Amino acid sequence: MMSALTPGFAEPIGGAQSCFRLLLDAMARPGRVHTVSGVEAPAPLCDAAAAVVLTLLDHETPLWLDPEAEAARAWIAFHTGAPVVHDPARATFALALSRAVTDWSCLSTGTDEAPETSATVILQVASLATGKDFLLEGPGLREPAILTVDGLPADFAAIWRSNHALFPRGIDLILCAAGQIAALPRSVAVREG
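From a predicted model like this one, the values you see are computed outputs, not experimental measurements.

Caption draft 1: The packing of aromatic side chains, seen in detail. A complete count under the given rule lists four aromatic pairs for this structure. Residues Trp-104 and Phe-156 carry aromatic rings whose centres are separated by 6.5 Å and whose planes lie at 80 degrees to one another, so their mutual orientation is edge-to-face. Here Trp-104, found in the loop between strand S3 (93–96) and strand S4 (120–124), pairs with Phe-156, found in helix H4 (residues 156–164); they are 52 residues apart in sequence, far enough to count as distant. Each of the two residues, Trp-104 as well as Phe-156, counts as buried. Ring plane angle 85 degrees and centroid distance 6.2 Å describe the contact between Trp-104 and Trp-160, whose orientation is recorded as edge-to-face. Note that Trp-104 is positioned in the loop between S3 and S4 and Trp-160 in helix H4, a separation of 56 residues in sequence. A relative accessible area of 0% places Trp-160 in the buried class. Joined through ring pairs, the aromatic side chains of Trp-104, Phe-134, Phe-156 and Trp-160 make up one cluster.

Caption draft 2: Broad picture of the sheet that holds S3. Spatial ordering of the open sheet is given by S1-S8-S7-S4-S3-S2, a layout of six strands whose pairing is mixed. Single-partner strands in this sheet number two, and they are strand S1 (34–35) and strand S2 (63–65).

Caption draft 3: Representation of the environment of Thr-111 within the structure. With respect to the helices and strands, Thr-111 occurs in the loop between S3 and S4. Taking the relative accessible area as the measure of exposure, Thr-111 reaches 35% and is therefore partly exposed. Distance from Thr-111 to Pro-42, taken between C-alpha atoms, is 35 Å for residues 69 residues apart in sequence. Once you skip the residues sitting within four places of it in the chain, Thr-111 turns out to touch Thr-117 and Arg-169. Reaching out from Thr-111, the side chain makes a polar contact with the backbone nitrogen of Ala-114 at a distance of 2.8 Å.

Caption draft 4: Layout of the side chain of Ser-118. In this structure, Ser-118 sits in the loop between S3 and S4. Residue Ser-118 is classed as buried on the basis of its relative accessible area of 6%. In this structure the side chain of Ser-118 is engaged in a polar contact, spanning 2.8 Å, whose partner is the side chain of Arg-186. Here Ser-118 is in contact with Thr-92, Ser-108, Thr-109, Gly-110, Gly-170 and Arg-186, once residues within four sequence places are set aside.

Caption draft 5: Main features of the sheet that holds strand S5 (residues 127–137). The strand order across the open sheet built from three strands is S6-S5-S9, with neighbouring strands paired in antiparallel fashion. This sheet does not close on itself; its edge strands, each paired only once, are strand S6 (145–150) and strand S9 (189–192). Each strand of the sheet is rotated relative to its neighbour by a mean of 50 degrees, with strand direction disregarded. Looking at chain direction, S5 and S6 are connected through six bridges and run antiparallel. Within the sheet, the bridge partner assigned to Lys-132 lies in S6 and is Val-149. Contacts from H4 reach S5 and S9 within the one sheet, and its direction differs from that of S9 by about 160 degrees.

What counts, and where the lines are drawn
- Residue positions are given per chain, counted from 1 along the sequence in the order it is written.
- Given that this is a predicted model, residues contribute local features only at a pLDDT of at least 70 and side-chain atom pairs are listed and counted only at 80 or more, while totals for whole chains, interfaces and linings are drawn from all residues.
- Note that water and hydrogens are dropped before the side-chain values are worked out from all heavy atoms of the structure.
- Pairs were defined over the aromatic rings of Phe, Tyr and Trp, the Trp ring being its six-membered one, requiring ring centres within 6.5 Å. Orientation was assigned from the angle between planes: stacked under 30 degrees, edge-to-face over 60, tilted for the rest.
- Only DSSP runs of H or I reaching four residues or more are called helices, and only runs of E reaching two or more are called strands; each is numbered from the N terminus.
- To sort residues, take the accessible area from a 1.4 Å probe on protein chains only and compare it with the maximum for the residue type: under 20% means buried, over 50% means exposed, and anything in between is partly exposed.
- For two strands to be treated as a pair, DSSP must find no fewer than two bridges joining them.
- Contact definition: two residues touch when any of their heavy atoms are within 4.5 Å.
- We define a polar contact as two N or O atoms separated by no more than 3.5 Å, with the added condition that, inside protein, one atom must be a possible hydrogen donor and the other a possible acceptor, whereas residues neighbouring each other in sequence contribute only through side-chain atom pairs.
- All axes are obtained by fitting lines to C-alpha atoms, using only the stretch in contact for helices, and the reported angles, taken between N-to-C directions, cover 0 to 180 degrees.

Here it is as structure tokens:
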């Protein structure tokens, strides 16, 4: 069935490098929306989620996969070699396509001695241009910023508050919609705007 797999980046090295720079900037400037290009995503992934997967995953990065993303499993395995784990606590990355997947308590939040061992959640949402406004404050922001997202659960601000309270531990979040990404590092405080 390898012939049924769609390509990854049109230019694998250049595409991954470009996306990596965008991800670094997104983490450094929380809430800023960036546009990714040059990738052909398999259903049910959006282009942005596929680009992030191609950029960050490899054979040494365990991935927990939302059951709704199962149709993309073969594509992810072919292009990244990332092992899919059934125990979320063992995952370095979690790929979620559903707003219902917000119980991050089962993911690794790192330790005080090694906070970098926490998981990063790649969450596909409906839009980063319309929806609910969230006010962001913290490192990387000279003044509060607004991030507009459609597809987060109604109690997202409370969920994030619990995560932020763990700092320096906690998960980092990469939001993906269509061809756009934005990031919320655990250091950022989020409240409804």
